Amino acid sequence: MIRCHVIALFLWALGTPAYAIIQTAQLDVSGGGQPDTTYLVSQASFGPSLPMGDTEGHRLALPPSDNPLMCQNITDANAIPKVTDNSFIFIIPRGECTFEVKTHNAQRLGASGVIIEGTLESRYTMNETTNEVIYPQDKHDYDCAKGRAEIPSSALSFPPYDAEVNDPALSGDTSTNLCLKNSPDYLASCESNACLLTGGNVTTDGMLEACCAWDLHIWLYYDPSMKSLKIEIPSVYVTMAQGHELHQRIGSTVKMSERPRAAYNLSAILIWMLGVLVAAVASYASAADYHTAFKSIISRGNTGQDIEDQERSALTNGNGPKDGPLMASSSYGQPEESLELSAGHALGFIVMASSGLLILFFFKIYGIVKIMYGFGCSRAIMQVIFLPIFGSIFSRLKIRNRLVYNTNIEDIGEITTLDIVAGGGFFTLRA
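The model shown is predicted, which means the values in this text are computed figures rather than measured ones.

Cut-offs applied
Residues numbered from 1 in each chain as written. Predicted model: local features only at pLDDT ≥ 70, side-chain atom pairs only at ≥ 80, totals over all residues. Heavy atoms only, no water. Pairing = 2+ DSSP bridges. Helix = DSSP H or I, 4+ residues; strand = E, 2+ residues; numbered from the N terminus. Axes fitted to C-alpha atoms, helices over the stretch in contact; angles between N-to-C directions. Buried < 20%, exposed > 50% of the residue type's maximum accessible area, 1.4 Å probe, protein only. Core = buried A, V, L, I, M, F, W, Y, C linked by side-chain atoms within 4.5 Å. Contact = heavy atoms within 4.5 Å.

Q: Any chance you could break down the sheet that holds strand E9 (residues 195-201) for me, citing the residues and the numbers?
A: Here we have three strands laid out as an open sheet, ordered E8-E10-E9, and antiparallel in their pairing. Bordering the open sheet on either side are strand E8 (142-152) and E9, each of which pairs with just one other strand. Shown here is a sheet whose adjacent strand axes are inclined to one another by a mean of 35°, direction ignored. Judged from the four bridges that link them, E9 and strand E10 (residues 207-213) form a sheet pairing that is antiparallel. By the bridge assignment, Asn201 is partnered in E10 with Leu208.

Structure below.
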């Protein structure tokens, strides 16, 4: 019964959408003649941690018009406004400089907190050396499988990216969204209602490829170059959709806090118990040969000490080899296998590992590590979940597990009918 529940939970998880990170903070927005709203947001790895529970409210405000991205350093201390009657929280677009730079500049202007919002414009950058556009990355910023359209270049102001002209043409749920206009089923599959140019020209007559933009929460990483500066205000990240709604509520009261959580993390306890169980089962299974040998000894009415006494007796009576060490009792007269690791082995490992890493990063093919990791995880899931399932089915239906191919490779071993069925079932379901 427990196995059925575990399998059902696993199959349910395969069909559950995954999000970038867990939103550990929240924004409570009130006032402005609109209903109170709570937004789940992600936090920064720099600055103070947000308190849990009810916090002080601050006015939602836009950055200065001459520094909208808050990337121009605030150096004149006399120009910093002294806000005493009403503290405020800036909502700042992502892009051009690091998150920590934006937060530090907002802090210098007297802000009590920072909300960084995702934007389409921030996904395009310029190569300062070649002055070429660096386009968003597939499966990192956009996904063509979620929606794809062809946009006439004449309808956009690009490059550089002009947000005032391009954002209405590449986002929204109205007819101004060219992705929706040129691909009627676009909104059915693209949750963000926004698209990004991929850099690919569909035709020679100026049509550009645009695909569904990802609009997920991200972790606000720190800036290593700002270690000497102290950030004293919190920062959070909101998606493009959340940022659009917050812009409609400029001047409202915002409270920033950590999401409520239980006093005890039951999921962590369950994961720990699962890890201990897996380690225990794996340890027991790895000693299967010893279990078999021990049962064989018991069935003959002998113990390990009896066998050792018999071997010693044979040596004493001259019926066995007179030189050499006593054979281990578990090996039944066969010498134990051993592997001597020398300094040469260690040096060779260091050279091979270093060379492999150098090749991966120098040629920028480190993505292969993700592929290897994916195959490893797939194999583990197949071994833990699908092999027991199909093994039970084979047993109940009395299907013989036939040997299909012997690879003669120790790490792979024999390939049986059960291996093929379990592997095929897993990869078919995952696809």
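Q: Could you give me a rundown of unusual backbone geometry, with the residues and numbers involved?
A: Note on backbone geometry: most residues besides glycine have negative phi, and most peptide bonds are trans. For the bond running from Phe158 to Pro159, omega is -10°, close enough to zero to count as cis. The linkage connecting Pro159 with the following residue, Pro160, adopts the cis geometry, with an omega of -10°. Considering the arrangement of structural elements, one finds Pro160 in the loop between E8 and helix H3 (163-170). With a phi close to 55°, Met70 is a non-glycine residue in the positive phi region. Its place among the elements puts Met70 in the loop between strand E3 (58-61) and strand E4 (88-93). Taking the relative accessible area as the measure of exposure, Met70 reaches 0% and is therefore buried.

Q: Please provide a residue-by-residue account of the nonpolar core, values included.
A: Counting 24 residues, the largest nonpolar core has Leu120, Ile151, Leu156, Leu170 and Cys179 as the members making the most contacts within it. For this core, the element with the most residues is E10, which contributes five residues. Apart from the residues lying within four places of it in its own chain, the contact partners of Ile151 are Leu156, Leu170, Leu178, Cys179, Asn182, Gly206, Met207, Leu208 and Ala210. Ranked by size, the runner-up nonpolar core spans 18 residues in total, among them Phe90, Leu109, Leu220 and Tyr237.

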